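Per-entry structural report
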Amino acid sequence: MESLTTRINLNNGTAIPMFGYGTYKIKDQTEAYNSVRLALKNGYRHIDTAAFYENEKYVANAIKDFMEETHTKREDIFVTSKAWKTELGYDKTLAAFEKTMNEMQMDYLDLYLVHWPASYAFDDDWENTNRQTWKAMTEIYKSGRVKAIGVSNFLTHHLDTIIDMEVTPAVDQIEVNPGFLQKDTVDYCKEHGILVEAWSPLGRGKSLAHPLLEELANKYGRTVAQIILRWEVQHDIVPLPKSVNEDRIIENSNVFDFELSDDDMSAIDEIPPYGNSGHSPDQA
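1. A look at the nonpolar core
In this structure, Ile-63, Leu-109, Tyr-112 and Trp-134 are the most contacted members of the largest nonpolar core, which totals 72 residues. In terms of residue count, the dominant contributor to this core is helix H8 (residues 224-234) (7 residues). Beyond its immediate stretch of four places on either side in the chain, Ile-63 contacts Val-36, Leu-40, Ile-47, Ile-77, Val-79 and Met-106. Listed in part, the 10 residues of the second largest apolar core include Ile-16, Ala-148, Leu-195 and Val-238.

Below, the structure written as structure tokens:
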């Protein structure tokens, strides 16, 4: 039976927990520290942060204190951070990584991502910028200071610019929620052995009031959030829900003791866009 700590292998053999805890918009020092501690206390072993979130230090401190107090090994906790979109290009990406490592004071990260791609809307040489960024990421990976490298918010044409390079991205972290499955990108990633992670897996809360999802929650005796997160898990997508409320942190993770039927999975797949951001990275 799958559980919160069940791991699946990335394309380089690194094992990643199939369910994570996101920390976006938790900038307050105390709140960031306490919420990560709550997640770890309640069984989460996959913590996602980023330089842009301005909480790397507090997240790392929470992880280190939890490890010390519970005698948890570092290899039992999977830690991700990301290089922000203003730090694209070979030299800037290398510098961004050093800054993150200085903030977090860890010997290594499990996963390091390019947070946003260079895009045609802002960079006439965007394809080369992505390649130079990925060249730096590959160098970081080869240094042994990260277990795996990947991208975030890359659509298929962004992935095309780096897919033939020396190292294939292990992960693409994109927005996925009901009404915004991003099937083209998800299918591309599966075809190339790239794991998809879902940020905003609950659609910033908008998905929680959808009539079909409410109906399914009643059918399965679950919350709407649990229905959505289970849908993502069954699509082999790793969700990264965020909450600072302990009850919600626990609720979100209780999705491994039931399964949605094929018909119900398809019904959720077919929900049309209805208020999620649906933005394009090229315009962000």
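Structure shown, so let's carry the discussion forward.
2. Quick look at unusual backbone geometry
The backbone phi angle of Glu-54 is positive, close to 60°, even though this residue is not glycine. Judged by relative accessible area, which is 53%, Glu-54 ranks as exposed. One non-glycine residue, Gln-182, adopts positive backbone phi at about 55°. Here Gln-182 falls in the buried class, since its relative accessible area comes to 18%.

3. Focus: the pairing of strand E8 (residues 171-175)
Across the 5 residues that make up E8, a large majority, 5, are buried. Alignment of strand E7 (residues 146-152) against E8, held across 2 bridges, turns out to be parallel. If you follow Val-151 over to E8, its bridge partner there is Asp-172. Where the polypeptide runs from E8 across helix H6 (residues 183-191) and back to strand E9 (residues 195-199), its parallel neighbour, the crossover connection is right-handed.

Cut-offs used in this document
- Residues numbered from 1 in each chain as written.
- Predicted model: local features only at pLDDT ≥ 70, side-chain atom pairs only at ≥ 80, totals over all residues.
- Heavy atoms only, no water.
- Core = buried A, V, L, I, M, F, W, Y, C linked by side-chain atoms within 4.5 Å.
- Buried < 20%, exposed > 50% of the residue type's maximum accessible area, 1.4 Å probe, protein only.
- Helix = DSSP H or I, 4+ residues; strand = E, 2+ residues; numbered from the N terminus.
- Contact = heavy atoms within 4.5 Å.
- Pairing = 2+ DSSP bridges.
- Right-handed = clockwise from strand over helix to strand, strands pointing away.

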